[in-house]
Amino acid sequence: MPRKPRTSNISRSDYYDITFYLQHYACFHCRKAFKQSFDNQRTQRLCPQCRQPMTNMGTDFKAPAQKEVAQWRKVQSLAQAGIKFFPQWPDGRPGERPDTLAEIPAFLKQVHPPSEGEQMLERRSQEPQRPQTPREGKLSLQGFAPHQTFRLSGKMLITGDGVQVFHNEGWVNAEVSGHGNNPKQPSHLRTFKLVGNKLYYAETVPLDGTLRLRWPAT
Ligand SMILES: [Zn+2]
């Protein structure tokens, strides 16, 4: 059986470095590109003007004009995503590149499809925000006063429970209270008010089926 030819696994940028093609190093600070040959010391190339590290953009990189700030931001975004301008198989061209900065996100999504987790996070961020406030509950009554029991969203109201009642145009905190001895047969609510940092009982509200109630947020 013939032996397979050895395949090198060096990256294309190394290949062009080693073959001494002139590289196009970009300085995103000055918005300029400089052609330089392979540097076998592998040191960071510094911009001849500002001495900041430059980025090897590949042999086919065509630098935008210095005043085209958006175009420079575009190629910088590409470089940061690892997309350079080296000739690619099969036609020896670097491949399609977006024309404008605005096309970058869609382009990168196409080149590097987001993982399942990233897609899930993105979907979640697009969902409408859940309301921060608790939902109004459904109040149901059983029996007859004074031996009446109440359920709020299916959970029995027991003396001492904290609930919120819609009272005087707003939701206020209240405590479930009763006149009798049976905590499962409350008769009224006592609303709270905050004075300074102390809670005081404010008003007594008879418990009946007309009240709008909700359990406080947990
Ligand atoms: Zn520079």
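Examining the confidence of the model for the chain
For the chain, per-residue confidence averages 80 on the pLDDT scale, and residues scoring 70 or more make up 81% of the total. Segment residues 4-10 is flagged for pLDDT under 50; beyond a separation of four residues in sequence, or across chains, it makes two contacts in the model.

Overview of the sheet that holds strand S3 (residues 55-56)
Pairing between the strands of a sheet is mediated by backbone hydrogen bonds and can be parallel or antiparallel. On the basis of which strands lie adjacent, the open sheet formed by three strands has the order S2-S1-S3 and antiparallel pairing. Both outer strands of the open sheet, strand S2 (32-36) and S3, are each paired with one neighbouring strand and no more.

Things to note about the pattern of salt bridges
Using the criterion set out here, one finds two salt bridges in the structure. Where Glu 136 meets Arg 212, a salt bridge forms, and the shortest distance between an N and an O atom there is 2.8 Å. Of this pair, Glu 136 sits in the loop between helix H4 (116-126) and strand S4 (139-142) while Arg 212 is found in the loop between strand S10 (198-206) and strand S11 (213-214), placing the two residues 76 residues apart along the sequence. Overall, the relative accessible area of 35% leaves Arg 212 in the partly exposed class. In this structure, Glu 175 and Arg 190 form a salt bridge, with 3.7 Å as the shortest nitrogen-oxygen distance. On the criterion of sequence distance, the pair formed by Glu 175 in strand S8 (residues 170-177) and Arg 190 in strand S9 (residues 188-195) is long-range, its members being 15 residues apart.

Regarding the packing of helix H2 (residues 69-80) against helix H3 (residues 104-111)
At a closest axis distance of 11 Å, the pairing of H2 and H3 adopts a crossing angle of 20°. Taken together, H2 and H3 sit at an angle that is classed as roughly parallel. Note that H2 runs across H3; the crossing there is right-handed. Counted together, Lys 74, Ser 77 and Leu 78 of H2 and Ile 104, Phe 107 and Leu 108 of H3 form the full contact between these two elements. Counted by class, the contact of H2 with H3 contains four nonpolar, one polar and one charged residues.

Focus on the coordination of the zinc ion
Distances from the zinc ion to its protein donors, Cys 27 (SG), Cys 30 (SG), Cys 47 (SG) and Cys 50 (SG), fall at 2.2 to 2.3 Å. Around the zinc ion sit four donor atoms; with metal-centred angles ranging over 103 to 115°, the donor geometry is tetrahedral. Sequence positions of the donors to the zinc ion reduce to the motif C-x2-C-x16-C-x2-C. When its relative accessible area of 0% is taken as the criterion, Cys 27 is described as buried. Look at Cys 30 and you get buried, because its relative accessible area is 11%.

With respect to the nonpolar core
Counting 14 residues, the largest nonpolar core has Leu 157, Val 163, Leu 189, Leu 207, Leu 211 and Leu 213 as the members making the most contacts within it. Secondary-structure elements contributing two or more residues to this core are strand S5 (149-152), strand S7 (162-167) and S8. Setting aside anything within four residues of it in sequence, one finds Leu 157 in contact with Leu 139, Phe 150, Leu 152, Val 163, Val 176, Pro 183, Lys 184, Pro 186, Leu 207, Leu 213 and Trp 215. Listed in part, the 11 residues of the second largest apolar core include Ala 26, Trp 72, Ile 83 and Ile 104.

Let's talk about the sheet that holds strand S6 (residues 155-156)
Taken in spatial order, the three strands of this open sheet run S4-S5-S6, and their pairing is antiparallel. Both outer strands of the open sheet, S4 and S6, are each paired with one neighbouring strand and no more. Judged from the four bridges that link them, S4 and S5 form a sheet pairing that is antiparallel. Directly across from Gln 142, in S5, lies its bridge partner Thr 149.

Side note on the side chain of Arg 214
Looking at where Arg 214 falls in the secondary structure, it is placed in strand S11. Although Arg 214 is buried, it makes no salt bridge; Glu 136 carries the closest opposite charge, 7.1 Å away. In this structure the side chain of Arg 214 is engaged in a polar contact, spanning 2.7 Å, whose partner is the side chain of Gln 164. If we ignore the near neighbours within four places in the chain, the residues touching Arg 214 are Thr 133, Pro 134, Arg 135, Glu 136, Gly 137, Leu 152, Val 163, Gln 164 and Trp 171.

Thresholds applied
Residues numbered from 1 in each chain as written. Predicted model: local features only at pLDDT ≥ 70, side-chain atom pairs only at ≥ 80, totals over all residues. Heavy atoms only, no water. pLDDT = per-residue confidence, 0-100. Contact = heavy atoms within 4.5 Å. Pairing = 2+ DSSP bridges. Helix = DSSP H or I, 4+ residues; strand = E, 2+ residues; numbered from the N terminus. Salt bridge = Lys/Arg side-chain N within 4 Å of Asp/Glu carboxyl O. Buried < 20%, exposed > 50% of the residue type's maximum accessible area, 1.4 Å probe, protein only. Axes fitted to C-alpha atoms, helices over the stretch in contact; angles between N-to-C directions. Parallel < 35°, antiparallel > 145°, perpendicular 65-115°, else oblique. Left-handed = near helix turned anticlockwise from the far one by under 90°. Nonpolar A, V, L, I, M, F, W, Y, C, P; charged D, E, K, R; others polar. Donors = N, O, S within 2.8 Å, 3.2 Å for Na, K, Ca; no water. Tetrahedral: all angles 85-135°; square planar, octahedral: opposite > 155°, others 65-115°. Core = buried A, V, L, I, M, F, W, Y, C linked by side-chain atoms within 4.5 Å. Lys, Arg positive; Asp, Glu negative; His and termini not counted. Polar contact = N/O pair within 3.5 Å; in protein donor to acceptor, adjacent residues only side chain to side chain.

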